[in-house]
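Spelled out from the first residue to the last, the chains are:
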Amino acid sequence: NFIEEKKLAYNAQYYTQEDVNFLELAYKLGEKCEPVNDAFEVGAVVKTVDWSIFTGYSREFWGREHAEEVAIFKAVLAWKSLVGAILYSSLEPCSERSSSDISCSELIIRAGFAKVFSWQREGQEYVANCVWIEKLRQANIIVIEWILKK
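The structure reproduced in this document is the subject of the present report. Keep in mind that what you see is a predicted model, and the values were worked out from it rather than measured.

### Comments concerning the overall build of the chain
Within the chain one finds 5 helices and 5 strands. The order of α-helices and β-strands along the chain, N terminus first, is α-α-β-β-α-β-α-β-α-β. Residue pairs in contact within the chain that sit at least 24 positions apart in sequence constitute 67% of those at least 6 positions apart. About 8,300 Å² of surface is accessible on the chain, with carbon and sulfur atoms providing 52% of the total.

Shown next as structure tokens:
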């Protein structure tokens, strides 16, 4: 597909095989989620600048949390700085949500992440106009969308 080839060529300067591996791990973490009718099964990986790795998946703890939120929470509990960190998510980080006062996009911005990889978009099932890419890029965060073969 020409569009995918063009996207990958454009993104080639921004990713390594290691990034691909972490994105695949995020996808596999999503498979751990208990399926529910009104939410996706999502996995996330956070890599800090000192190479600490934190993982999370949707509904891992108390039932309504998002994967990105869980991975960020684990890093904060470990007293790790997220300034300059990279986040890998199997689904685009939310730009608005009904189960919390703060979206995952806003958490990412406030924490100071440098780069975010996303496996795929969620479509318009829950949010008609998800603007996570715009929000993160306005905050000078590098965003890489990448559709990987399952």
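### Observations concerning the layout of surface pockets
Quantified by volume, the second largest pocket comes out at close to 170 Å³. Of the residues belonging to the lining of the second largest pocket, the class tally is 5 nonpolar, 3 polar and 3 charged.

### Some details on helix 4 (residues 104-111)
Of all the residues in helix 4, the buried ones are C104, S105, L107, I108 and A111. Along the axis of helix 4, the buried positions cluster into a sector of 160 degrees, meaning they face one direction only.

### Observations regarding helix 2 (residues 17-30)
Along its 14 residues, helix 2 runs 20 Å from first to last C-alpha, staying within 8% of the 20 Å computed at 1.5 Å per residue. Turning to helix 2, its buried residues are D19, V20, F22, L23, A26, L29 and G30. Along its buried surface, helix 2 packs onto strand 1 (43-47), strand 2 (53-57), strand 3 (86-89) and strand 4 (115-118).

### Section: the nonpolar core
Side chains of a nonpolar character, in soluble globular proteins, are inclined to be buried together. Core analysis: the biggest nonpolar cluster contains 24 residues, and V46, I72, L82, I108 and F113 have the highest contact counts within it. Counting only elements with at least two residues in this core, the list comes to strand 1, helix 3 (67-77), helix 4 and helix 5 (132-138). Ignoring sequence-local partners within four residues, the contact set of F113 consists of V46, I72, L82, G84, A85, I86, L87, I108 and I141. One finds V20, A26, L29 and W146 within the second-largest nonpolar core, a separate group that totals 14 residues.

### Looking at the packing of aromatic side chains
One pass over the full model with this rule turns up 6 aromatic pairs. Here F61 and W62 contribute two aromatic rings whose centre-to-centre distance is 5.6 Å and whose plane-to-plane angle is 20 degrees, an arrangement assigned as stacked. Residue W62 is classed as exposed on the basis of its relative accessible area, which comes to 53%. A connected cluster of aromatic rings, assembled from ring pairs, spans F22, Y88 and F117. Lying across the ring of W51, K47 places its NZ or CZ 4.3 Å from the centre.

### Quick look at the pairing of strand 3
Neither face of strand 3 is open: one carries I86 and Y88, the other L87 and S89, and all of them are buried. Direction of pairing for strand 1 relative to strand 3: antiparallel, over a ladder of 4 bridges. The partner of V46 across the bridge, within strand 3, is L87. Sheet topology note: the strand 3/strand 4 ladder contains 4 bridges and is parallel. Its bridge partner being in strand 4, L87 is matched across the sheet by V116.

### So, the packing of helix 3 against helix 4
Direction vectors running N to C along helix 3 and helix 4 enclose 30 degrees, while the axes themselves pass 9 Å from each other. Classified by the interaxial angle, the pair formed by helix 3 and helix 4 is roughly parallel. With respect to the hand of their crossing, helix 3 and helix 4 are arranged in left-handed fashion. Between helix 3 and helix 4, the contacting residues are E68, E69 and I72 on the first element and C104, L107 and I108 on the second.

Cut-offs and rules
- Residues numbered from 1 in each chain as written.
- Predicted model: local features only at pLDDT ≥ 70, side-chain atom pairs only at ≥ 80, totals over all residues.
- Heavy atoms only, no water.
- Helix = DSSP H or I, 4+ residues; strand = E, 2+ residues; numbered from the N terminus.
- Contact = heavy atoms within 4.5 Å.
- Areas by Shrake-Rupley, 256 points an atom, 1.4 Å probe, with all protein chains shown as cover.
- 1 Å grid on protein atoms, 1.4 Å probe; cavity = no way out; pocket = protein on both sides within 12 Å on 5 of 7 lines; lining within 4 Å.
- Points joined across faces, edges and corners; volume = space filled by probe spheres on them.
- Nonpolar A, V, L, I, M, F, W, Y, C, P; charged D, E, K, R; others polar.
- Buried < 20%, exposed > 50% of the residue type's maximum accessible area, 1.4 Å probe, protein only.
- Arc of directions from axis to C-beta.
- Expected span 1.5 Å × (residues − 1).
- Core = buried A, V, L, I, M, F, W, Y, C linked by side-chain atoms within 4.5 Å.
- Phe/Tyr/Trp six-rings, centres within 6.5 Å; stacked < 30°, edge-to-face > 60°.
- Lys NZ or Arg CZ within 6 Å of the ring centre and 35° of its normal.
- Pairing = 2+ DSSP bridges.
- Axes fitted to C-alpha atoms, helices over the stretch in contact; angles between N-to-C directions.
- Parallel < 35°, antiparallel > 145°, perpendicular 65-115°, else oblique.
- Left-handed = near helix turned anticlockwise from the far one by under 90°.

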